[in-house]
Amino acid sequence: PDIKTLHGHFEQAYLSYASDPVLREKSTSGGVVSALLISLLERGLIDGAVVISSHENILWKGVPRIARTKEEILEAAKSKYAISPTNVTFKEILE
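Thresholds, definitions, all that
Residues numbered from 1 in each chain as written. Predicted model: local features only at pLDDT ≥ 70, side-chain atom pairs only at ≥ 80, totals over all residues. Heavy atoms only, no water. Helix = DSSP H or I, 4+ residues; strand = E, 2+ residues; numbered from the N terminus. Buried < 20%, exposed > 50% of the residue type's maximum accessible area, 1.4 Å probe, protein only. Contact = heavy atoms within 4.5 Å. Areas by Shrake-Rupley, 256 points an atom, 1.4 Å probe, with all protein chains shown as cover. Salt bridge = Lys/Arg side-chain N within 4 Å of Asp/Glu carboxyl O.

Caption draft 1: Structural detail: the overall build of the protein chain. Across its full length, the protein chain carries five helices and two strands. When the helices and strands of the protein chain are placed in sequence order, the string is α-α-α-β-β-α-α. On the principal axes, the C-alpha backbone points of the protein chain span a range of 45 × 30 × 30 Å. For the protein chain, the residues scored as buried account for 24% of the 95 residues in total. Counted over contacts in the protein chain with a minimum sequence separation of 6, partners at least 24 positions apart contribute 41%. A total of about 7,500 Å² of accessible surface is found on the protein chain, and carbon and sulfur atoms cover 57% of it.

Below is the structure:
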C-alpha cells in the first residue's frame, strides 16, 4: 500500500525515542511522550498531566489519573490499547 493512502498528506515525518535508556526500555514506543511530560514538569511548565495507568488487577484496562510527579508519569508508561474515560479527571483538574 501507498503510505499516503494510509496516513494522508504530510510534509515531514520523524522517528524519535527518549534519550534516557531506562525510560526508553520501560516504554512501549520509545518513551517520547513520557520524556516530554517529565521535561515539562521538571521545568515548571506544567503542574501535571492526564495519563493512563494500568488497572491494578486487569493490566490491559486503563485508568485515567493526573500525574503530578516524575514517578507517577513513569508508572503510567507503556501504551494501553483500550478505551479510557479521561474526562473523569476534569473535575479534579478544575478543583
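That was the structure; now back to the text.
Caption draft 2: Geometry of the pattern of salt bridges. Evaluation of the coordinates by the stated rule reveals three salt bridges. The closest approach of N and O atoms between R68 and E92, which form a salt bridge, is 3.2 Å. You can see R68 sitting in the loop between strand 2 (62–67) and helix 4 (70–75) and its partner E92 sitting in helix 5 (residues 90–94), a full 24 residues away along the chain. Among the charged side chains, a network of salt bridges with common partners joins R65, E72 and E75.

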